[in-house]
Amino acid sequence: MSTMSSNTPVPIDEADLHAYVDNALDAARRKEVQDYIDRNPQAAQAVAALSGQRQLLRSALSSIADEPIPQRLSLSNLIRERRQQRRWPWQMAAAVFLSLGIGAIGGLSLRDRTAPAGGISALAGEARASYAVYATDNLHPVEMGPQQRAELLSWVSSKLNQPVTVPDLTPSGYRFSGGRVVATEHGPAAMFLYEAADGTRLAVVMRRMAHETDTPMLQHSDGHVGGYAWAVRGLGFSLVGTGRPEALHPLADEVRRQVQPTPSTGANPRSRAMQRVALLE
Amino acid sequence: MASDLLSRVQPLIAALRRYARGMLRDRDAADDLVQDCLERVVSHWDERRDGEDTRQWVFAIAHNLAVTKLRQDARRGVHVAIEDVDESAFMASPSQEHRIRHNELMRALDTLPQDQRSVILMVSVEDLSYAEVALALGVPIGTVMSRLARGRERLQRALDGELGRMARPQGAPVLRRMK
């Protein structure tokens, strides 16, 4: 292995042979290594082995790159999902809240696996489940219809131990068609159902929140049924339907605007937050 | 930004799947890893350093995820028995003989420490330069070269052991250190 010609300026070693096989040498060095290999059968054999191994690896793995790429690895889908997550300015607001230690905001993403049980993510799932059972029921979707609104409200208010009103979505094209109390793992919830002229149904589900009592609006979906969920001062809301998120979002905003606690029940959330900020300083 | 991201990362997905499969063997686990990697790429796209090479950056993320995954598996005692490996994970070889050889190769590759395996895959299959691999792994170039040399030597020994005399016509040339 020491048959190295005396006019070779830099001795050729194993690393050079690897680099030769990997095409990692500049032209001058490559020439030197080539000359060396030509004169040295053992080096030639080593290079042949290296290059054979390299070819074997490439051929063994090459077919993987020819397989169709699964849908879940679609880059454009991933980019779109990311954009939807980023669109909402409330994420910024939530970050400020978190950094000030205000509110029990458990997580910004519904996919957050550390979200507490019974939090906003659970509420979203319960709302979708209720929608799937009742909104698709053509015989008996509601316990009480729109004519029994007062009775319904007193029923759900007593179950939630909190006065509740029915959000009005008529201006957006959805007529109130009644509601019922539904059971969740985290206590009773009220479900109000709405229907558009074309028969499309929406549900608004609300229940008391033991965790994540004040949470900005989050989008949620299980692929077929989805919507938005949020919580204000211990009461959680979710609007669900089968429409596209862009179509449901303004409706969720409208519901949130209507159910915002009125000044008579206390200062509005922003000034309360401001007061708490002032206390922290 | 999005079109830039799309045009620069899209062509890497096939290579990422191949690298992940080489590292993890299991098809679903490998695609999970690639998905995880792509999500990170999308969410951190704007945080890349100026002039950073996309391929090297993306492979660095994939590599770190693979190392984490392999460590977790080792800790939990997850082990893919050779008999359990989905043969189709490395299918589409032209012939039965090739398939046997490829399976033996993958088995031999499995016996390497992951740091040698990843360098071999990046250099031999993905055509990353030594410098790119060094940056992706966060190690000096000399380390890349020595892992490559040790890994290939070991792989060759494992292959010779696996294949015996049958697959190598005139006796396998065994690599030896030249210095």
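Keep in mind that this is a model prediction, so the values were computed, not measured.

A.B. asks: Whenever I open this one, unusual backbone geometry confuses me. Can you help?
C.D. replies: Residue and element names in this part refer to chain B. In this model, R25 sits at a positive phi of 70°, which is unusual for a non-glycine residue. Among the secondary structure elements, R25 is positioned in the loop between α2 (13-24) and α3 (27-44). Even without being a glycine, D127 presents a positive backbone phi close to 60°.

A.B. asks: I tried to follow the interface of chain A and chain B on my own but got confused; where do I start?
C.D. replies: Interface size is commonly expressed as the accessible surface area that is lost when the partners come together. Each side of the interface is counted separately: chain A has 42 residues, and chain B has 52 residues. Buried area between chain A and chain B, both sides added, is near 4400 Å², and the carbon and sulfur share of it is 64%. Scanning the region where chain A abuts chain B turns up seven salt bridges. The closest approach of N and O atoms between R54(A) and D127(B), which form a salt bridge, is 3.2 Å.

A.B. asks: Explain the packing of helix α4 (residues 54-76) of chain B against helix α6 (residues 114-125) of chain B to me, please; I cannot follow it from the model alone.
C.D. replies: The relative placement of two packed helices comes down to the angle between their axes together with the axis-to-axis distance. Residues and elements named next belong to chain B. As a packed pair, α4 and α6 sit with axes 11 Å apart at the nearest point and diverge in direction by 150°. Compared by their axis directions, α4 and α6 come out roughly antiparallel. Here α4 runs over α6; the crossing is right-handed. Residues F59, H63, V67 and L70 of α4 touch α6, and the partners they reach there are Q114, S118 and M122. For the contact of α4 with α6, the residue count by class is four nonpolar, three polar and no charged.

A.B. asks: Help me understand the pattern of salt bridges in this model?
C.D. replies: For side chains bearing opposite charge, pairing can occur when the charged atoms are close. All names here are of chain B. Summed over all chains, the structure comprises 28 salt bridges over all chains. For the salt bridge of R18 with E126, the shortest nitrogen-to-oxygen distance reads 2.6 Å. Remark: E126 occurs in the loop between α6 and α7 (130-137) and R18 occurs in helix α2; sequence separation between them is 108 residues. Residue R18 is classed as buried on the basis of its relative accessible area of 15%. Under the relative-accessibility criterion, E126 is labelled buried at 6%. A salt bridge links E132 to R55, with the nearest nitrogen and oxygen atoms 3.0 Å apart. Placement of E132 in helix α7 and of R55 in helix α4 is noted, with a sequence separation of 77 residues between them. Taking the relative accessible area as the measure of exposure, R55 reaches 25% and is therefore partly exposed.

A.B. asks: Even after reading the chapter, I still don't get the sheet that holds strand β2 (residues 187-196) of chain A, so can you show me in this structure?
C.D. replies: Remark on secondary structure: sheet strands pair via backbone hydrogen bonds, oriented parallel or antiparallel. Residues and elements named next belong to chain A. If you trace the six strands from one edge of the open sheet to the other, you get β1-β2-β3-β6-β5-β4, paired in antiparallel fashion. Lying at the two open borders of the sheet, with one neighbouring strand each, are β1 (174-184) and β4 (215-221). Within the sheet, the average angular offset between the axes of one strand and its neighbour, ignoring direction, is 20°. Bridge analysis of strand β3 (residues 201-208) against strand β6 (residues 235-241) gives six bridges, and the strand direction is antiparallel.

A.B. asks: Which parts of the structure should I look at to understand the packing of aromatic side chains?
C.D. replies: Working definition: an aromatic ring pair is given by the centre-to-centre distance plus the angle between the planes. Per the counting criterion, the structure on display carries five aromatic pairs over all chains. Aromatic side chains F176(A) and F192(A) sit 5.9 Å apart centroid to centroid with 80° between the ring planes, which places their arrangement in the edge-to-face category. Remark: F192(A) occurs in strand β2 and F176(A) occurs in strand β1; sequence separation between them is 16 residues. One exposure class covers both F176(A) and F192(A), and it is buried. Ring geometry for W45(B) versus W57(B): centroids 6.0 Å apart, planes at 65°, classification edge-to-face. Of this pair, W45(B) sits in the loop between α3 and α4 while W57(B) sits in helix α4; the two residues are 12 residues apart in sequence, bridging distant segments of the chain. Grouping residues by exposure puts W45(B) and W57(B) together as buried.

A.B. asks: When you look at the environment of E143(A) in this model, what are you seeing that I'm missing?
C.D. replies: All names here are of chain A. Structurally, E143 is set in the loop between α6 (120-135) and α7 (149-160). Residue class for E143 comes out partly exposed when judged on its relative accessible area of 41%. Expressed as a C-alpha distance, the spacing of E143 and G178, which sit 35 residues apart in the sequence, is 7.3 Å. Filtering out sequence-adjacent residues up to four positions away, E143 remains in contact with W155, G179 and R180.

A.B. asks: In this structure, what is going on with the nonpolar core? I would like to understand it.
C.D. replies: Note that soluble globular proteins tend to have their nonpolar side chains buried in a common cluster. Grouped together as the largest cluster of nonpolar side chains are 72 residues, with contacts concentrated most on L17(A), L57(A), L38(B), V41(B) and L155(B). For L155(B), the residues in contact, after removing those within four places along its chain, are Q53(A), L57(A), L105(B), A108(B), L109(B), L112(B) and I120(B). L152(A), F192(A), L235(A) and A252(A) belong to the second largest nonpolar core, which has 30 residues in total.

A.B. asks: Sorry, what's going on with the confidence of the model for chain B here?
C.D. replies: Segments scoring low in pLDDT should not have their predicted coordinates read at a detailed level. Residues and elements named next belong to chain B. Scored by pLDDT, chain B comes out at a mean of 81, with 78% of its residues at no less than 70. α6 holds the highest mean pLDDT among the elements of chain B, 94, whereas helix α5 (residues 96-110) holds the lowest, 82. pLDDT under 50 marks residues 81-93. Its contacts with residues more than four places away, or in other chains, come to 22 contacts. Contacts from residues 165-174, a stretch scored under 50 in pLDDT, to residues over four places away or in other chains number 11 contacts. For this predicted complex, the interface score ipTM comes out at 0.81, alongside a pTM of 0.53.

A.B. asks: Which parts of the structure should I look at to understand helix α1 (residues 14-21) of chain A?
C.D. replies: One full turn of an α-helix is made of 3.6 residues, so residues set three or four places apart face in the same direction. By the criterion of burial, α1(A) is predominantly enclosed, with seven of the eight residues buried. Residue D13(A) occupies the N-cap position of α1(A), its side-chain oxygen lying 3.1 Å from the main-chain nitrogen of A15(A).

A.B. asks: Looking at this structure, I do not really get the pairing of β4(A). What am I missing?
C.D. replies: Side-chain positions along a regular strand alternate between the two faces of the sheet. Residues and elements named next belong to chain A. Among the seven residues of β4, five are classified as buried, and the element is accordingly described as predominantly covered. Where β4 and strand β5 (residues 226-232) come together, five bridges link them in antiparallel fashion. Residue H220 lies in a different strand from β5, and its bridge partner there is G227. Hairpin connection from β4 to β5: four residues lie between these consecutive antiparallel strands, with G223 at a positive phi of about 105°.

A.B. asks: Before we go on, may I ask you to explain helix α3 (residues 41-66) of chain A in this structure?
C.D. replies: Under the 1.5 Å per step criterion, the end-to-end length of α3(A) is 37 Å for 26 residues, consistent within 8% with the ideal 38 Å. Its side-chain oxygen at 3.0 Å from the backbone nitrogen of Q42(A), N40(A) defines the N-terminal cap of α3(A).

Definitions and cut-offs
- Residues numbered from 1 in each chain as written.
- Chains lettered and ligands numbered in written order.
- Predicted model: local features only at pLDDT ≥ 70, side-chain atom pairs only at ≥ 80, totals over all residues.
- Heavy atoms only, no water.
- Helix = DSSP H or I, 4+ residues; strand = E, 2+ residues; numbered from the N terminus.
- Contact = heavy atoms within 4.5 Å.
- Buried area = accessible area lost by both parts, 1.4 Å probe.
- Salt bridge = Lys/Arg side-chain N within 4 Å of Asp/Glu carboxyl O.
- Axes fitted to C-alpha atoms, helices over the stretch in contact; angles between N-to-C directions.
- Parallel < 35°, antiparallel > 145°, perpendicular 65-115°, else oblique.
- Left-handed = near helix turned anticlockwise from the far one by under 90°.
- Nonpolar A, V, L, I, M, F, W, Y, C, P; charged D, E, K, R; others polar.
- Buried < 20%, exposed > 50% of the residue type's maximum accessible area, 1.4 Å probe, protein only.
- Pairing = 2+ DSSP bridges.
- Phe/Tyr/Trp six-rings, centres within 6.5 Å; stacked < 30°, edge-to-face > 60°.
- Core = buried A, V, L, I, M, F, W, Y, C linked by side-chain atoms within 4.5 Å.
- pLDDT = per-residue confidence, 0-100.
- Polar contact = N/O pair within 3.5 Å; in protein donor to acceptor, adjacent residues only side chain to side chain.
- Expected span 1.5 Å × (residues − 1).

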